[in-house]
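Below are the chains, spelled out letter by letter.
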Amino acid sequence: MAFLGGAVRRVVSAVRPPLSPLCHRNARFYSSEPTKEKSVPYEKTLKPEDGASCGPTKPLPRSADVVVIGGGSLGCQTIYHLAKMGMTNVVLLERDRLTAGTTWHTAGLLWQLRPSDVEVELLAHTRNVVSKDLEEETGLHTGWIQNGGLFIASNKQRLDEYKRLMSLGKVYGIESHVLSPAETKDLYPLMNVDDLYGTLYVPKDGTMDPAGTCTTLTRAASSRGAMVIENCPVTGIKVQTDDLGVKTVKAVETPHGTIETSCVVNCAGVWATQLGEMAGVKVPLIAMHHAYVVTERIEGIQNMPNVRDHDASVYLRLQGDALSVGGYEHNPIFWEEVSDKFAFSLFDLDWDVFMQHIEGAINRVPALEQTGIKSTVCGPADHKPLMGEAPEVRGFFLGCGFNSAGMMLGGGCGRELAHWIIHGRPEKDMYGYDIRRFHNSLTDNKRWIRERSHESYAKNYSVVFPFDEPLASRNMRKDPFHQVLTEQGCVFQERHGWERPGWFNKDGPAPVKDYDYYGAYEMRKNVNYKYKELLGKEYTFDFPPHHDAIKNECLSCRHGVAVFNMSYFGKFYLTGPDAKKGADWLFTADVNKKPGSTVYTCMLNKRGGVEADLTVSRLEPGAGNLPLAPESNGDAYYLAIGGGIAEHSWNHIRSVLQDQGFRCQLTDYSEDMGMISIQGPKSREVLQEVLDTDLSDEAFPFSTHKVVSAAGHKVRAIRLSFVGELGWELHIPRNSCLPVYYAVMAAGAKHGIINSGYRAIDSLSIEKGYRHWHADLRPDDTPLEAGLAFTCKLKSSLLFQGRDRLEKQKKEGLTRRIVCFTTDEKVPLFGLEAIFRNGIPIGHLRRADYGFFIDKTIGYGYIHNPDAGTVSADFIKSGEFTLERMGVTYKAKAHLKSPFDPENKRVKGIYT
């Protein structure tokens, strides 16, 4: 018999051959004694008996409204929720039997608390489905076991993270308790607690059974009219192209017939990339081996909670009177050539790779050292979630890439995906899973996919710090200022593939190096890596060591002048015969003012949620002067959109124009222009020396733009501010960027001009009360809730998408709204902190930062009225508010207006 302790000792002494991340290596098996059984620990699976029929289990229909491909957790949850929402002419096709891919061997753990409000809500829905809804609907038990969950903290930072989760959980009514080592020992007597800092215990966490859950889901869906067909592989996806060049799904082809459909959902897991190729859709996933072992019986383990020891990168799942032991290693094996014959199959376990989990498990539960291994489970997994409609083909949806989290996220994500298909958008903010979070230039870049997939897998159990940045797949997109700013100490952030300035280090350059896979696969680790060292200093829930550097950048902008490189912004032109109709429908604000005007506006979905905020500049018609001006005989608009959501915004605009049948052209010049923003009380004095135009208020008012000459180069100057100061943006053709930048810095030298980054923008903008999309402004927030009613042309008769929802909401009153909070105590807040009114939780902070000018911590969060009434000004004024940070409460003051320059004088240049 193989023992866990013996496996560790033997593997440690073995010589490990190099494992390249770029080539396939056959999995090897190593143990003190071969483990004969290689199977999952479940009493029941859906694996067919030998000789079972290989034909489809039902005749194929000629047509369907939706065809879901893949019978794993996501596919079954999606068809269940589609049927539950009333769409019954839907079909699920599974090439083998349900769960045959990766779902059948998943550990099935469900942890309710995650460092994301959206994920907490998704997990809560899954839990409701598997523990309550399905049993009520079908009378069948899904196999749900509520044995609780225990998170292990071996250091202060980890326990701080758990305390953050505990505070967030109070907002959602999730019971959790921070336990001391002694209390942990009482709960879990077999656990070694000598090296513990503490634990987080969540009593209502539990375990799901893949076969039981998927069987019950499909039975519930079938009872509503959905059709589930097994043993039916897909061989092709028919796509048609209309007269405007728009590609849409037409049909699904199988060896047993063709199903006409306008909607396909790719829930094929590790096979999702091949399925995408059938339709010309890029699916940026790569498969890896993921493993766990099942022990023999352990006396005293019965009824213990599941355990996640993140610092040891190991989990312990209760399996009756035994444990399943697995985790996420830094050197996973890539599955290079995915086989379509791999059904209910497992790899041999590579002990060289897996032994790190054994060591962690034995340290945590010493009894494991003398416990036998009953079986090994090593199957494929992908990483990380991809959802939503593919940019390349309308009607082709993704629901894949969940890497063993498909069971616990399946219910929430299945519901959101169903809502996406039926209504065009999900109910929740799913941007973190949306395929459009990635720029189209990256989704077929093999280096980007491999590096990013490896890092996300290797860091799956890492502490989620507020300002962490990836080390993988960097330097993919660089603007013309990149090298110059690197030399000046710029510490870059990665957004949408772009390197954008984060903050400036006064101790010299800190360039981002090529990815070293954290030393895995015999790769040489980067040495003297200053960027990584600076990033490591951010690994805290306190103020970072360079807090004062960011303070200097902020206050230099408030008192003098600073230049921000914002070149990563999306820069689009909207032209064509129906450009005005398109602009009226797309944008909440009236952008059809006279040419030369610039308007801040939102774009909404049909439910009135904000899909993006942006500025729209109306252009003069005339001959083109690209990249600064497109050729246009009529209406033309220049759109500047935050670079992190450029792909999302591009696809939103394009989809809306297509759906409305507007004859418009949308062109992307993001790579062709740089953009710097010069902000602060002295910005006018600096730029007046550089630009060949009068910058007085009369000649160049706020929210206007002109094409002017800057140091002999044509640029588009826009008088705007994202930090609440007097300032201008300069949109510059790529080849002119550096000469213009040098001229600005030379003119600003006597005024003390400095470079500033996005960490300063984050602070300055929250101090002013400006929104950040995907933080305090999301697709599940309306402009009225977000305090952006001034961007909506509700007093006009002009129609725009989502207007009907806003009018209804305005009439009924707001049941939730954003509120600004400040604390007198100088405590770091980052978002997710619980908001209490008179001792009752009513929301959480979405975004928080330190405001250096007002010298206070600032947070913004959406609150609701617990009595189901409206959230009025009186409701806010009459309450006593506290914020809970890591279990500690702080008194907070609620503000109806920004505490900084509430009269908007500074953006107008009024500093008296």
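Not measured: the values here are computed from a predicted model.

(A) View of the overall build of the chain. When you go through the chain residue by residue, the secondary structure sums to 20 helices and 39 strands. Here the C-alpha radius of gyration of the chain, 28 Å, is about what a compact globule of 912 residues would show, namely 29 Å. Taken along the three principal axes of its C-alpha coordinates, the chain extends 85 × 65 × 60 Å. A total of 912 residues make up the chain; the buried ones form 62% of that total. Look at the contacts in the chain between residues 6 or more apart in sequence, and 74% of them connect residues 24 or more apart. Averaging the positions of the 106 positive and the 110 negative side-chain charges in the chain gives two centres separated by 3 Å.

(B) Local environment of helix 18 (residues 758–768). In terms of burial, helix 18 is a largely internal element, eleven of the eleven residues being buried. Taken as a whole, helix 18 has its buried residues at Tyr 758, Arg 759, Ala 760, Ile 761, Asp 762, Ser 763, Leu 764, Ser 765, Ile 766, Glu 767 and Lys 768. Gly 769, located one to two residues past helix 18, shows a positive phi value of around 90°.

(C) Structural context of the domain arrangement of the chain. Partitioning the chain into structural domains gives domain 1 (66–104 + 210–286 + 384–433), domain 2 (142–207 + 287–381), domain 3 (446–540), domain 4 (561–568 + 672–752), domain 5 (570–669 + 782–801) and domain 6 (802–908). A straight line from the C-alpha centre of domain 4 to that of domain 5 covers 23 Å. Taken together, the contact between domain 4 and domain 5 spans 17 residues of the former and 19 residues of the latter. Here domain 4 meets domain 5 over a buried area of about 1,500 Å², counting both sides, of which 62% is carbon and sulfur. At the surface where domain 4 touches domain 5, the tally comes to zero salt bridges. If you list the elements that add at least two residues to the side of domain 4 that touches domain 5, you get strand 29 (673–679), strand 30 (705–710), strand 31 (713–718) and strand 32 (727–733). Considering each element in turn, the side of domain 4 that touches domain 5 owes the most residues, four residues, to strand 31. Along the lines of polarity and charge, the residues of the side of domain 4 that touches domain 5 split into eight nonpolar, six polar and three charged.

(D) Geometry of the UniProt feature "domain: GCVT N-terminal" (unreviewed entry) in the chain. With numbering matched to this structure, UniProt assigns "domain: GCVT N-terminal" (unreviewed entry) to residues 481–795. The span residues 481–795 is 25% helix and 24% strand, and its two end C-alpha atoms sit 43 Å from each other.

(E) A look at the environment of Asn 475. Counting through the fold element by element, Asn 475 comes out in the loop between helix 10 (446–458) and helix 11 (482–487). Spatially, the C-alpha atoms of Asn 475 and Ser 223 are 52 Å apart, while their sequence positions differ by 252 residues. The contact partners of Asn 475, leaving out residues within four places of it in the chain, are His 482, Glu 499 and Val 512.

(F) Expanded view of the packing of helix 2 (residues 73–84) against helix 9 (residues 406–423). In the contact formed by helix 2 and helix 9, the axes pass within 7 Å of each other and the chain directions differ by 45°. Comparing the axis directions of helix 2 and helix 9 gives the class oblique. Of the two elements, helix 2 crosses helix 9, and the hand of that crossing is right-handed. Judged by residue contacts, Ser 73, Leu 74, Gln 77, Thr 78, His 81 and Leu 82 of helix 2 engage Gly 406, Met 407, Gly 410, Gly 411, Cys 413, Gly 414, Arg 415, Leu 417, Ala 418, Ile 421 and Ile 422 from helix 9.

(G) Structural detail: the side chain of Arg 906. Along the chain, the position of Arg 906 falls in the segment after strand 39 (888–895). In this view, Arg 906 contacts Arg 558, Gly 724, Glu 725, Leu 726, Phe 853, Phe 900, Asp 901 and Tyr 911; residues no more than four positions away in its chain are not counted.

(H) Region of interest: the packing of helix 14 (residues 579–586) against helix 15 (residues 646–660). Running from amino to carboxyl end, helix 14 crosses helix 15 at an angle of 115°, the nearest separation of the two axes being 11 Å. Classified by the interaxial angle, the pair formed by helix 14 and helix 15 is roughly perpendicular. At the point where helix 14 passes helix 15, the crossing takes the right-handed sense. For the pair helix 14 and helix 15, contact is made by Gly 582, Trp 585 and Leu 586 and by Ile 653, Val 656, Leu 657 and Gln 660, respectively. Its residues placed into classes, the contact of helix 14 with helix 15 shows five nonpolar, two polar and no charged.

(I) Seen up close, helix 3 (residues 117–138). Between its first and last C-alpha atoms helix 3 spans 30 Å; for 22 residues at 1.5 Å apiece the expected length is 32 Å, and the two agree. The sharpest bend along helix 3 measures roughly 45° and falls at Val 129. Two residues or fewer past helix 3, Gly 139 is found with a positive phi of approximately 80°.

Conventions adopted
- Residues numbered from 1 in each chain as written.
- Predicted model: local features only at pLDDT ≥ 70, side-chain atom pairs only at ≥ 80, totals over all residues.
- Heavy atoms only, no water.
- Helix = DSSP H or I, 4+ residues; strand = E, 2+ residues; numbered from the N terminus.
- Rg over C-alpha atoms; globule rule 2.2 N^0.38 Å.
- Buried < 20%, exposed > 50% of the residue type's maximum accessible area, 1.4 Å probe, protein only.
- Contact = heavy atoms within 4.5 Å.
- Lys, Arg positive; Asp, Glu negative; His and termini not counted.
- Charge placed at Lys NZ, Arg CZ, Asp CG, Glu CD.
- Domains from an automatic or database assignment.
- Buried area = accessible area lost by both parts, 1.4 Å probe.
- Salt bridge = Lys/Arg side-chain N within 4 Å of Asp/Glu carboxyl O.
- Nonpolar A, V, L, I, M, F, W, Y, C, P; charged D, E, K, R; others polar.
- UniProt positions renumbered as here; feature names shortened; annotations may be inferred.
- Axes fitted to C-alpha atoms, helices over the stretch in contact; angles between N-to-C directions.
- Parallel < 35°, antiparallel > 145°, perpendicular 65-115°, else oblique.
- Left-handed = near helix turned anticlockwise from the far one by under 90°.
- Expected span 1.5 Å × (residues − 1).
- Bend = angle between axes of the 7 residues up to and from the residue.

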